[in-house]
Amino acid sequence: MADSTRARLERFFLPRLTWRYALRVAAVAATATLFFAFICRPMWIEGASMEPTYHDGGFVFCLLPRYRFADPATGDVVTVRLASSRVMLLKRVVAVAGDTIEFRNGVLIRNGQPVSEPYVRYRSAWQLGPRTVKPGHVYVVGDNRGMAVEAHVFGQTPLSRIGGAPLW
Amino acid sequence: MINRRRAGLAGALLCAATAVAVYIITRPDDEARIRRLFAALEQCLRREPGNGAASLVLNTQRIAGLFAESCEFRVTSYGLEETLSPTEISSELARAHAMLDSLSVSFRGLGVAVLSPTEATATCSIDARASRDGERIADAAAVTCRLVKRDGRWHFRAFAEEPVLEK
């Protein structure tokens, strides 16, 4: 009995190099490459603009086809592509096309109404005049509003630049 | 005798035609040349902790040859709006390399559009990583480059940061 378990374990961990086994390894490698390149891309977070929701140095998977058939809604965390999908910005959608937004003393005002944002923990007195989101665009901002408004990279971006959404 | 001469001539012609065909097929097109230009720029900008003065001189000399007679730089996030000559670019690189312990710049997602035989544009994201006195610096930006062809070689003519997010 012990011998049979040992043999089974040996077969599992040290299998014989047959064509069938090599083919299986190649298929697994190809599937994994396609999955992680086109569906669920691993990403490392650099920067503190999404604190405290996402920490600097953190790791996340980006679900690339998330917005292939649907547009992002307000409150969604999305990735915004730079020129390629290797470097992306992680931001939260706060307004969609046609909405008017502004910041008054750090409070987000959407279509004239203050918005409750439970995910924002650090807040400074951001002042930004009203602006309307253009058609085919969304307005994205990071959760870390403790940074100076000039230092924080945010604004409206075309939907074509939305690369996907983090898995968690 | 005549047949042999004819056969020789036909063989020579065939070899010449093959050589021309191989040259045409394997000749790098404009897009490939531009991609190589970006790779050369990456190499020139790179600075490793162990690099000495010789590699610095080599890189500063090489980088001047990659740019046209003047190159516009418009990087709004850093308030940079300047037109520099290749000599000025060389001295800027020398200054940057002297200040930093390491520098690595990658051009990712390169998309090239050849507009005419002497003009092209390229879009890419610049991923820059540097270290200075143990402090690590990293930045990324989307840029559009304008390139011109002078004397059969492509050169950088302008770099402009592409606004991804518009406040």
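Scoring rules and cut-offs
Residues numbered from 1 in each chain as written. Chains lettered and ligands numbered in written order. Predicted model: local features only at pLDDT ≥ 70, side-chain atom pairs only at ≥ 80, totals over all residues. Heavy atoms only, no water. Helix = DSSP H or I, 4+ residues; strand = E, 2+ residues; numbered from the N terminus. Expected span 1.5 Å × (residues − 1). Buried < 20%, exposed > 50% of the residue type's maximum accessible area, 1.4 Å probe, protein only. Pairing = 2+ DSSP bridges. Axes fitted to C-alpha atoms, helices over the stretch in contact; angles between N-to-C directions. Contact = heavy atoms within 4.5 Å. Salt bridge = Lys/Arg side-chain N within 4 Å of Asp/Glu carboxyl O. Phe/Tyr/Trp six-rings, centres within 6.5 Å; stacked < 30°, edge-to-face > 60°. Lys NZ or Arg CZ within 6 Å of the ring centre and 35° of its normal. Parallel < 35°, antiparallel > 145°, perpendicular 65-115°, else oblique. Left-handed = near helix turned anticlockwise from the far one by under 90°. Nonpolar A, V, L, I, M, F, W, Y, C, P; charged D, E, K, R; others polar. Polar contact = N/O pair within 3.5 Å; in protein donor to acceptor, adjacent residues only side chain to side chain.

A. Helix H2 (residues 30-45) of chain B, seen in detail. Across its 16 residues, H2(B) extends 23 Å between first and last C-alpha, which sits within 8% of the 22 Å expected from 1.5 Å per residue. The set of residues buried in H2(B) consists of Asp30(B), Ile34(B), Leu37(B), Phe38(B), Ala40(B), Leu41(B), Glu42(B), Cys44(B) and Leu45(B).

B. Just the sheet that holds strand E3 (residues 102-116) of chain B, in detail. Residue and element names in this part refer to chain B. With mixed pairing, 6 strands are arranged side by side in an open sheet as E2-E1-E6-E5-E4-E3. Each end of this open sheet is capped by a strand with a single partner; those strands are strand E2 (80-84) and E3. On average, each strand axis in the sheet is tilted by 20 degrees relative to the strand beside it, whichever way the strands run. Here strand E1 (residues 67-75) runs beside E2; their pairing, made up of 5 bridges, is antiparallel. Paired with Val75 across the two strands is Leu80, which belongs to E2. Where H2 meets the sheet, it contacts E1, E3, strand E4 (119-132), strand E5 (135-150) and strand E6 (153-161), and its direction lies at approximately 160 degrees from that of E3. The strands touched by helix H4 (residues 86-99) are E1, E2, E3 and E4; relative to E1, the strand with the most contacts, the crossing angle is about 55 degrees.

C. The arrangement of the pattern of salt bridges in detail. Residues and elements named next belong to chain A. Under the criterion given, the structure shown has 16 salt bridges over all chains. For Arg6, the salt bridge goes to Glu10, with nearest N and O atoms at 3.8 Å. Placement of both Arg6 and Glu10 in helix H1 (residues 2-13) is noted, with a separation of 4 residues, approximately one turn of the helix. Of the residues examined, Glu10 reaches a relative accessible area of 41% and is grouped as partly exposed.

D. Here's a closer look at the packing of aromatic side chains. Residues and elements named next belong to chain A. What the rule picks out here adds up to 17 aromatic pairs over all chains. Taking 5.1 Å as the distance between ring centres and 70 degrees as the angle between the ring planes, the aromatic pair formed by Phe103 and Trp126 counts as edge-to-face. Note that Phe103 is positioned in strand E5 (residues 100-104) and Trp126 in the loop between strand E7 (113-114) and strand E8 (128-132), a separation of 23 residues in sequence. By relative accessible area, which is 1% here, Phe103 ends up buried. The buried category is assigned to Trp126, whose relative accessible area is 1%. Put simply, the rings of Phe35, Phe36, Trp44, Phe59, Phe61 and Trp168 touch in pairs and so form one group of aromatic residues. It is Arg92 that lies over the ring of Tyr119; its NZ or CZ is 3.6 Å from the centre.

E. Highlighting the sheet that holds strand E1 (residues 40-44) of chain A. Residues and elements named next belong to chain A. What the 7 strands build is an open sheet, ordered E1-E2-E11-E3-E4-E9-E10; its pairing is antiparallel. Whereas interior strands pair on both sides, the edge strands pair on one side only; in this sheet they are E1 and strand E10 (155-158). The average angle at which neighbouring strand axes cross in this sheet is 50 degrees, direction not considered. Sheet topology places strand E2 (residues 59-63) next to strand E11 (residues 162-166); 2 bridges connect them, and they run antiparallel. Opposite Cys62, over in E11, you have Pro166 as the bridge partner. Strands in contact with helix H2 (residues 19-39) are E1 and E2; relative to E1, the strand with the most contacts, it is inclined by about 65 degrees.

F. Quick peek at the packing of helix H3 (residues 53-64) of chain B against H4(B). Residues and elements named next belong to chain B. Orientation of H3 relative to H4, taken along the N-to-C sense of each, is 150 degrees, at an axis distance of 8 Å. The pairing of H3 with H4 is recorded here as roughly antiparallel in orientation. Here H3 runs over H4; the crossing is right-handed. On the side of H3, the interface is formed by Leu56, Asn59, Thr60, Ile63 and Ala64, while H4 contributes Pro86, Ile89, Ser90, Leu93, Ala94 and His97. Across the contact of H3 with H4, the residue classes break down as 7 nonpolar, 4 polar and no charged.

G. Structural view of the pairing of E2(A). Residue and element names in this part refer to chain A. Burial of E2 is one-sided: the residues Val60 and Cys62 facing one way are buried, the residues Phe59, Phe61 and Leu63 facing the other way are not. Pairing analysis gives 5 bridges linking E1 to E2, with the strands arranged antiparallel. Opposite Arg41, over in E2, you have Cys62 as the bridge partner.

H. Quick look at the interface of chain A and chain B. Facing 24 residues of chain A, the contacting portion of chain B comprises 16 residues. A salt bridge links Arg161(A) to Glu162(B); its shortest N-O distance comes to 2.5 Å. At the boundary of chain A with chain B, the tally comes to 9 residue pairs in polar contact (both at pLDDT 80 or more). Sorting the residues of the side of chain A that touches chain B by element identifies strand E3 (77-81), strand E4 (88-96), strand E9 (137-141) and E10 of chain A as the ones contributing at least two each.

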